[in-house]
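Okay, here's what each chain looks like letter by letter:
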Amino acid sequence: MGSSEEDRPWQSYNTVYTNAKAGMDGVDKEKVQRIVYEMSKGSKYFENEKRKEAFIMQKIESLRAQVDKLTDKDFSHFQMIANKKILELEASRDLSKVWLHTDMDAFYAAVETLENPSLRGKPMAVGSLSMISTANYEARKFGVRAAMPGFIACKLCPDLIFVPTNFEKYTFYSALARKVFRRYDPDFISTSLDEAYLNITEVCINREISSDEVAGELRNAIFEETGLTCSTGVAPNLMLAKVCSDINKPNGQFILPNDRKAIMTFISSLPIRKIGGIGKVTEHVLRDVLGIKTCEDILQNGAFLCALFSSCSSDFFLSVGLGLGRTDTPDIKTRKSISSERTFHATNDENFLFQKLADIAETLSNDMKEKCLSGRTLTLKLKTASFEVRTRAISLQKWIHSKEDILSCASRILKAELPLSLRLIGLRMSQFSDDKNSHVDPMQKSIVAFLSGGDANSTPTPPKKQVCLEVGDKLEDHDGLDFSEGQSKQDVELDFRVADDHTDDKNDDRFSLLCDSHCSVSSSIAENFKMNDSYLDESKPNKSVQPDELTCSVERLIEEVGLIWVDDYICSVCGIELPPSFIEERREHSDYHLAEMLQKEESSRGRGHLAQERFVRKVGHNSEGKRKKQKCPPNEVKHIPIEAFFTKCKKNS
């Protein structure tokens with residue numbers, strides 16, 4: 001009788017090992033898992049991975065529960081949806097293009113071996129005891145691979161040789177390889193220093209040669225130019241070409257004909273982990289919830305996929321099951337962001353952390369100047385000693401690129417997070433001045449400026465005893481508030497009023513999704529809110545709203561614009577992807593759509609009337625300690641506190 005999972009806990013610990021990497025098919029998986037488990041056990045990284053594993057298991061249990069609730073009628077409904085999607089996707093199949101994907105073999109390690117022939121035939125890894133960048137094929141036989149800590153690799157392979165990274169070398173050899181790529185496709189798509197996609201359709205037609213011959217010719221040309229080997233894959237689309245290039249590694253090629261039957265035969269037994277875009281978490285979820293292991297299994301479970309996942313995700317999965325992928329050359333897009341980060345031993349030394357931040361700011365500034373970029377949204381990324389990742393973003397009123405400006409903003413953000421023990425700091429700049437498609441730019445009025453009628457390029461200066469606050473702001477974050485004698489921040493009342501449509505509970509589910517994934521009112525400001533229920537029901541007395549009663553309510557955005565975060569990260573309105581951790585960016589993005597909606601209303605109603613009707617802010621309270629309710633003229637929309645607009649309150653029965 002086999003041992004239980006309690007006796008073999010490493011079986012569920014898949015953090016480092018994966019046999020999806022070329023050269024690792026024959027590795028003793030259980031041995032590698034056991035060693036990785038024993039070497040990691042007790043570390044903070046291990047504890048963080050266990051927390052992530054627990055979250056994944058919770059998600060799996062939730063999906064299983066949804067499957068169990070599906071009735072025969074539900075299943076038939078989703079089967080019809082899946083069949084319709086499959087027919088539509090099949091109709092889009094394009095077999096007119098020939099794509100080639102080329103991947104250099106163990107690139108960093110191969111470059112080091114080329115320049116130091118004594119390493120040939122020996123297990124070697126590029127990196128250090130902390131982390132490995134890549135390993136040669138001799139080392140992979142022991143289970144050593146990229147993204148593995150070096151000290152664990154030494155346990156797997158005691159004779160492993162370490163070579164430090166040298167990106168100047170790798171960039172030089174990459175440039176040589178790209179010269180060869182341009183001969184076959186001037187518009188080739190480079191995805192890294194050692195990978196590229198080439199459209200060889202015209203080459204095959206004009207020279208009247210087969211794709212097999214082109215692939216062999218290109219591999220020989222790269223070897224002659226660089227002294228390095230590469231593997232290639234040829235297929236009708238980019239997705240399949242990448243899969244094919246991994247089949248005969250190293251120094252090999254695989255050709256998939258432009259024939260539907262051949263494609264379906266090839267894809268039927270292909271493990272889903274081989275597909276780009278399906279990582280270990282998605283593989284885990286699909287396998288444990290629906291028993292999906294191969295691409296053929298995807299089509300057989302189309303109804304469940306449509307029932308459990310968003311339309312975007314189910315379309316992707318079904319496309320994979322049909323062997324469909326992009327066949328056109330993607331348009332050259334404006335760069336959306338630029339970043340720099342550094343990893344170091346965990347420390348809470350503030351002097352060290354700020355010095356490291358200064359170094360990163362300088363690197364980021366130099367990169368931006370080199371590319372002539374200026375941005376206005378700065379994001380600070382932090383990884384704590386316990387491997388928790390945090391991101392904090394700030395949007396500025398002007399575009400910046402200098403080290404001084406970047407460091408000044410980043411230091412303020414970091415200071416607010418300390419004291420904290422960190423092992424990684426990163427900075428990312430986005431919303432560039434030449435980004436024509438940016439959702440937010442200095443010429444676009446913020447929601448505050450729009451509603452108060454202020455100038456788009458300036459921050460309105462509020463009069464005395466008034467303050468410009470947005471939902472989620474903390475009072476203590478606003479310096480310079482003018483409080484009268486004897487008045488404190490706890491006395492501040494925010495008397496927002498908006499025109500609100502009558503709402504009901506019909507959108508509670510969508511509302512909850514938005515609340516969970518979008519934003520929430522901070523506890524500090526929630527404690528200061530005093531909601532006058534007489535605005536909603538004059539029969540109810542005034543009461544204080546507790547923080548746990550407040551959630552982020554943008555009811556009209558849900559009803560009129562349809563804004564929800566699909567799969568917890570995709571905006572249902574414009575498709576932009578913002579993870580839940582990007583709280584400030586998601587709040588700003590929501591404000592953009594809200595302002596857009598209000599601007600449409602403004603075209604039919606005067607700005608002054610709209611501003612007066614929707615956004616009145618006061619600081620302080622009167623001597624009686626009660627708010628004076630605004631009187632609504634006949635046929636006017638009733639004014640209610642903004643708490644009812646931006647937050648949803650649990651109603652008393």
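Under an unreviewed UniProt entry, the name given to the protein chain is DNA polymerase kappa, and the source organism is Dendrobium nobile. In its Cofactor (unreviewed entry) section, the UniProt entry covering the protein chain states "Mg(2+)". Regarding the protein chain, the relevant UniProt record gives this comment under Catalytic activity (unreviewed entry): "DNA(n) + a 2'-deoxyribonucleoside 5'-triphosphate = DNA(n+1) + diphosphate".

A.B. asks: Describe the nonpolar core, with residues and values.
C.D. replies: Leu240, Ile275, Val289, Leu305 and Phe309 are the most contacted members of the largest nonpolar core, which has 43 residues in total. Those elements that place two or more of their residues in this core are α2 (44-69), α3 (72-91), α10 (238-245), α11 (260-268), α12 (280-290), α13 (295-300), α14 (302-308) and α15 (311-322). By size, the runner-up hydrophobic cluster in this structure holds 36 residues, among which are Leu100, Val163, Tyr173 and Ala215.

A.B. asks: How would you summarise α2 if you had to cite specific residues and measurements?
C.D. replies: For α2, which comprises 26 residues, the first-to-last C-alpha distance of 38 Å matches the rise-based estimate of 38 Å (1.5 Å per residue) to within 8%. Among the residues making up α2, those that are buried are Phe46, Asn48, Glu49, Ile56, Ile60, Leu63 and Val67. Contacts made by the buried residues of α2 are with α1 (29-40), α12 and α14.

A.B. asks: Which residues make up a nonpolar patch on the surface, and what values do they have?
C.D. replies: On the surface, Met39, Leu129 and Phe151 cluster together into a nonpolar patch covering about 270 Å² of accessible area. The residue Leu129 is located in the loop between β2 (124-127) and β3 (132-135) in this model.

A.B. asks: Summarise unusual backbone geometry; cite the residues concerned and give the values.
C.D. replies: Generally, phi is negative for residues other than glycine and the peptide bonds are trans, each holding for most cases. Put simply, Lys249 and Pro250 share a cis peptide bond, and its omega is -10 degrees. Checked against the element boundaries, Pro250 lands in the loop between α10 and β8 (253-255). Cis rather than trans, the peptide bond between Leu418 and Pro419 has omega equal to 0 degrees. Mapping Pro419 onto the fold places it in the loop between α17 (403-417) and β12 (422-432). Of note in the backbone geometry, Glu208 takes a positive phi value of approximately 55 degrees without being a glycine.

A.B. asks: Outline the pairing of strand β11 (residues 389-400), listing residues and values.
C.D. replies: Summarising the sheet, strand β10 (residues 375-384) and β11 pair through eight bridges and their orientation is antiparallel. Bridged to Lys383 within β11 is Val389. Following β10, the chain reverses through four residues before pairing antiparallel with β11; Phe387 in that reversal takes a positive phi of roughly 70 degrees.

A.B. asks: Would you mind going over the side chain of Ser231 in detail, with residue names and values included?
C.D. replies: In this fold, Ser231 is placed in strand β7 (residues 230-235). In terms of polar contacts, Ser231 uses its side chain to reach the backbone amide nitrogen of Gly252, at 3.4 Å. Leaving out residues up to four positions away in the same chain, Ser231 has contacts with His101, Thr102, Asp103, Asp105, Ser245, Asn248, Lys249, Pro250, Asn251 and Gly252.

A.B. asks: Help me get a handle on the environment of Phe167, residues and values and all.
C.D. replies: Here Phe167 lies in helix α7 (residues 167-184). Along the backbone, Phe167 and Leu193 are 26 residues apart, and their C-alpha atoms lie at a distance of 9.9 Å.

A.B. asks: Just give me the short version of the sheet that holds β3, but keep the residues and values in it.
C.D. replies: Within a sheet, adjacent strands bond to each other through the backbone by hydrogen bonds, running parallel or antiparallel. Ordered by their spatial adjacency, three strands build an open sheet running β3-β2-β4, and the pairing between neighbours is mixed. Lying at the two open borders of the sheet, with one neighbouring strand each, are β3 and β4 (161-163). Direction aside, the axes of adjacent strands within the sheet are offset by 30 degrees on average. As paired strands, β2 and β3 are joined by three bridges and run antiparallel to one another. Bridging across to β3, Gly127 finds its partner in Ile132. Helix α4 (residues 107-115) contacts β2, β3 and β4 of the sheet and is inclined by roughly 110 degrees relative to β2.

A.B. asks: Any chance you could break down the environment of Asp359 for me, citing the residues and the numbers?
C.D. replies: If you trace the backbone, Asp359 turns up in helix α16 (residues 350-370). Linking Asp359 and Ser340, residues 19 residues apart in sequence, is a C-alpha distance of 9.8 Å.

A.B. asks: Mind laying out the packing of aromatic side chains, listing which residues take part and the relevant values?
C.D. replies: All chains considered together, the criterion is met by 12 aromatic pairs. Ring geometry for Phe309 against Phe317: centres 5.4 Å apart, planes inclined by 70 degrees, an arrangement best described as edge-to-face. You'll find Phe309 and Phe317 in the same group, each marked buried. When the centroid spacing of 5.7 Å and the interplanar angle of 55 degrees are considered together, the rings of Phe316 and Phe317 count as tilted. Since its relative accessible area comes to 32%, Phe316 is described here as partly exposed. Among the aromatic side chains, those forming a connected cluster through ring pairs are Phe107, Tyr108, Phe167 and Tyr170.

A.B. asks: Go over the packing of α16 against α17 with me, naming the residues and quoting the values.
C.D. replies: Contact geometry of α16 with α17 gives a least axis separation of 9 Å together with a crossing angle of 140 degrees. When the axis of α16 is compared with that of α17, the two are oblique. Relative to α17, α16 is oriented so that their crossing is right-handed. Packed against α16, whose contacting residues are Leu353, Phe354, Leu357, Ala358, Ala361, Glu362, Leu364, Ser365 and Met368, the element α17 presents Lys403, Ile406, Leu407, Ala410, Ser411, Leu414 and Lys415 at the interface. Looking at the contact of α16 with α17 residue by residue, the class counts come to 11 nonpolar, two polar and three charged.

A.B. asks: Describe the state of the cysteines, listing the residues and the values that go with them.
C.D. replies: Under the counting rule described, the total for this entry stands at zero disulfides. Not engaged in a disulfide, the cysteine Cys154 finds its nearest cysteine sulfur in Cys157; these two sulfurs lie 8.1 Å apart.

A.B. asks: Any details on the sheet that holds strand β9 (residues 337-347)? Residues and values, ideally.
C.D. replies: One open sheet holds the four strands; their spatial order is β9-β12-β10-β11, and the pairing between them is antiparallel. Pairing within the sheet leaves two strands with one partner each, and these edge strands are β9 and β11. Direction aside, the axes of adjacent strands within the sheet are offset by 15 degrees on average. When β10 meets β12, the two strands line up antiparallel, connected through nine bridges. Residue pairing across strands places Thr377 opposite Ser430, the latter belonging to β12. On the sheet, α16 packs against β9, β10, β11 and β12 and is oriented at approximately 160 degrees with respect to β9.

A.B. asks: Go over α3 with me, naming the residues and quoting the values.
C.D. replies: With 20 residues, α3 extends 29 Å from end C-alpha to end C-alpha; this agrees with the ideal 28 Å at 1.5 Å per step. Here α3 has its buried residues at Phe78, Ala82, Lys85 and Leu89. All buried residues of α3 fall inside an arc of 65 degrees around its axis, so they share one side. More than 90 degrees from the buried face of α3, the exposed residues found are Asp72, Lys73, Met80, Lys84, Leu87 and Ala91. Residues of α3 that are buried in the fold lie against α14 and α15.

So, how was this worked out
Residues numbered from 1 in each chain as written. Predicted model: local features only at pLDDT ≥ 70, side-chain atom pairs only at ≥ 80, totals over all residues. Heavy atoms only, no water. UniProt positions renumbered as here; feature names shortened; annotations may be inferred. Core = buried A, V, L, I, M, F, W, Y, C linked by side-chain atoms within 4.5 Å. Buried < 20%, exposed > 50% of the residue type's maximum accessible area, 1.4 Å probe, protein only. Helix = DSSP H or I, 4+ residues; strand = E, 2+ residues; numbered from the N terminus. Expected span 1.5 Å × (residues − 1). Contact = heavy atoms within 4.5 Å. Patch = residues over 30% accessible without salt bridge, like charges linked within 9 Å, V, L, I, M, F, W, Y side chains within 5 Å. Areas by Shrake-Rupley, 256 points an atom, 1.4 Å probe, with all protein chains shown as cover. Salt bridge = Lys/Arg side-chain N within 4 Å of Asp/Glu carboxyl O. Pairing = 2+ DSSP bridges. Polar contact = N/O pair within 3.5 Å; in protein donor to acceptor, adjacent residues only side chain to side chain. Axes fitted to C-alpha atoms, helices over the stretch in contact; angles between N-to-C directions. Phe/Tyr/Trp six-rings, centres within 6.5 Å; stacked < 30°, edge-to-face > 60°. Parallel < 35°, antiparallel > 145°, perpendicular 65-115°, else oblique. Left-handed = near helix turned anticlockwise from the far one by under 90°. Nonpolar A, V, L, I, M, F, W, Y, C, P; charged D, E, K, R; others polar. Disulfide = S-S within 2.5 Å. Arc of directions from axis to C-beta.

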